[in-house]
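# Chain and residue survey
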Amino acid sequence: MASVRDISHTTADTPGTPDAEGGDAQATPPSGRPPRRGRAPGRRARGAGWGSRLELLILIGPALIVFVAFVIFPVVMAAYYGFFSWSGFGPAVDFVGLRNYIVILTDPAFHEALGHNVFIAIMSLVLQGPVALGLALLLNRKMRFQSAIRVLIFVPYVISEVVVGIGWSLMLQSNGALNGLLERVGLGALATDWLSDPSIAIWTLMVIITWKYVGFATILFLAGLQGIPGELAEAAAIDGASYWQIQRHIVLPLLGPTVRIWAFLSIIGSLQLFDLVWIIWGQYVASTAGTSTMATYMVANGRNAGSFGYGSAVAVVMFLISLAVALLYQRFLLRRDTAGAITGGKA
């Protein structure tokens, strides 16, 4: 018969029973093997990461394929053909190196076209910006026929460039509707050749561009104004601020990001302007009237001249100029607007 001391000693040494300190001892399975451990947290995190990457690839894959096929690949091919004297038929075998680019950068006609693009970009900001901002401030207030006025202002933007170009070219001819109207009201001395006079044609183009695109800027500014809390203006009015003081010190600073985005779109569109100039002035009149652009220069001296290699080089130069302007604009003007767009507010 075992004593009490032997029983207590045996019990304390048996695995899975409470020890002398009052805690539970680690139990050992009957087979003697250690318990099976679960999957490591790091391994689970790596598995979840691969799943997220696969899901992201499936979601952006189609859009990435389309972007590469219709944006990146054409740019690469244009850069490739820009090193050849190629007529557009058969393989490009006449390698000329940088000759096409040297001709472009030394051609006075290209310099003139580039100057027109820069002039159009600057004047678009100067003319469209104040007009669109004034219209947006006016339409942001309660008034009769507000919706109808918004539609009428936006209508020119949605009209096709072909329709706009043909319509304005018919009205502005020497025997067109505008000169006829001036003759009827006794202002025949003001009648002139609005399209062929080099000193007037570029300003005629600016009037047409402003009429066509000011509606887009107005709607964009109006959307930005409606996103500004009305309580700020009400609080400023209670403090004694006038309407113009509210617009200057509250509304316009808060509208700054919208204005900068519109200016960016306007500049890039001005550097790539083609359709209105080509439709109204045509291939040869655009250069003589002083309204040629880089895009019209590219088509006239590339495709229409049977020199697709040279036209591809012009396209590459246009791309590089637009890319440089876009990067500089984003670096110095859009950086504070997009600083936290991707990182969630972290610098």
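Residues numbered from 1 in each chain as written. Predicted model: local features only at pLDDT ≥ 70, side-chain atom pairs only at ≥ 80, totals over all residues. Heavy atoms only, no water.

### Looking at the packing of helix H5 (residues 146-158) against helix H8 (residues 198-226)
Orientation of H5 relative to H8, taken along the N-to-C sense of each, is 130 degrees, at an axis distance of 6 Å. In terms of orientation, H5 lies oblique with respect to H8. By crossing handedness, the relation of H5 to H8 is classed as left-handed. Only Trp211, Lys212, Tyr213, Gly215, Phe216, Thr218, Ile219, Leu222 and Gln226 of H8 make contact with H5, whose side of the interface consists of Arg150, Ile153, Phe154, Pro156, Tyr157 and Val158. (Axes fitted to C-alpha atoms, helices over the stretch in contact; angles between N-to-C directions. Helix = DSSP H or I, 4+ residues; strand = E, 2+ residues; numbered from the N terminus. Parallel < 35°, antiparallel > 145°, perpendicular 65-115°, else oblique. Left-handed = near helix turned anticlockwise from the far one by under 90°. Contact = heavy atoms within 4.5 Å.)

### Concerning helix H14 (residues 308-332)
Every α-helical turn comprises 3.6 residues, leaving residues that sit three or four positions apart pointing alike. Under the 1.5 Å per step criterion, the end-to-end length of H14 is 36 Å for 25 residues, consistent within 8% with the ideal 36 Å. Burial in H14 covers these residues: Gly309, Tyr310, Gly311, Ser312, Ala313, Val314, Val316, Val317, Met318, Ser322, Ala326 and Tyr329. (Expected span 1.5 Å × (residues − 1). Buried < 20%, exposed > 50% of the residue type's maximum accessible area, 1.4 Å probe, protein only.)

### Regarding the side chain of Ser266
Its location among the elements puts Ser266 in helix H11 (residues 256-271). Contact partners of Ser266, with chain neighbours within four places excluded, come to Ser124 and Leu125.

### So, helix H3 (residues 99-106)
Turning to H3, its buried residues number three or more, namely Asn100, Tyr101 and Ile104. Seen along its axis, H3 keeps its buried residues to an arc of 95 degrees; they face one direction. Projecting away from the buried face of H3 at angles above 90 degrees are the exposed residues Ile102 and Thr106. (Arc of directions from axis to C-beta.)

### Focus on the pattern of salt bridges
As a working rule, side chains carrying opposite charge can pair if their charged atoms are close by. Using the criterion set out here, one finds one salt bridge in the structure. A salt bridge links Lys212 to Glu161; its shortest N-O distance comes to 3.8 Å. Remark: Glu161 occurs in helix H6 (residues 161-171) and Lys212 occurs in helix H8; sequence separation between them is 51 residues. The class for Lys212 is buried, based on a relative accessible area of 0%. Glu161 gets classed as partly exposed once you look at its relative accessible area, which sits at 23%. (Salt bridge = Lys/Arg side-chain N within 4 Å of Asp/Glu carboxyl O.)

### Regarding the side chain of Arg260
Assignment of secondary structure puts Arg260 in helix H11. Overall, the relative accessible area of 16% leaves Arg260 in the buried class. Excluding residues within four positions of it along the chain, Arg260 makes contact with Tyr329, Leu333, Leu334, Arg336 and Asp337.

### With respect to the confidence of the model for the protein
Per-residue confidence for the protein gives a mean pLDDT of 84, with 83% of residues at or over 70. Taken together, the stretch residues 1-25 has pLDDT below 50 and engages in nine contacts with residues farther than four places along the chain or on a different chain. Across residues 341-347, confidence stays below pLDDT 50; counting only partners more than four residues off in sequence or on other chains, it has two contacts. (pLDDT = per-residue confidence, 0-100.)

### Concerning the packing of aromatic side chains
Enumeration according to the criterion identifies 18 aromatic pairs in this entry. For the pair Phe83 and Phe95, a centre-to-centre distance of 6.4 Å together with 25 degrees between the ring planes defines the contact as stacked. Placement of Phe83 in the loop between helix H2 (41-81) and H3 and of Phe95 in the loop between H2 and H3 is noted, with a sequence separation of twelve residues between them. Owing to a relative accessible area of 29%, Phe83 belongs among the partly exposed residues under this scheme. You can call Phe95 exposed: its relative accessible area is 55%. Centroid distance Tyr243 to Trp244: 5.2 Å. Interplanar angle 75 degrees. Geometry classified as edge-to-face. Look at Tyr243 and you get partly exposed, because its relative accessible area is 31%. Its end group placed over the ring of Tyr213, Lys212 keeps NZ or CZ at 5.2 Å from the ring centre. Taking the ring centre of Phe332 as reference, the NZ or CZ of Arg331 above it sits at 5.4 Å. (Phe/Tyr/Trp six-rings, centres within 6.5 Å; stacked < 30°, edge-to-face > 60°. Lys NZ or Arg CZ within 6 Å of the ring centre and 35° of its normal.)

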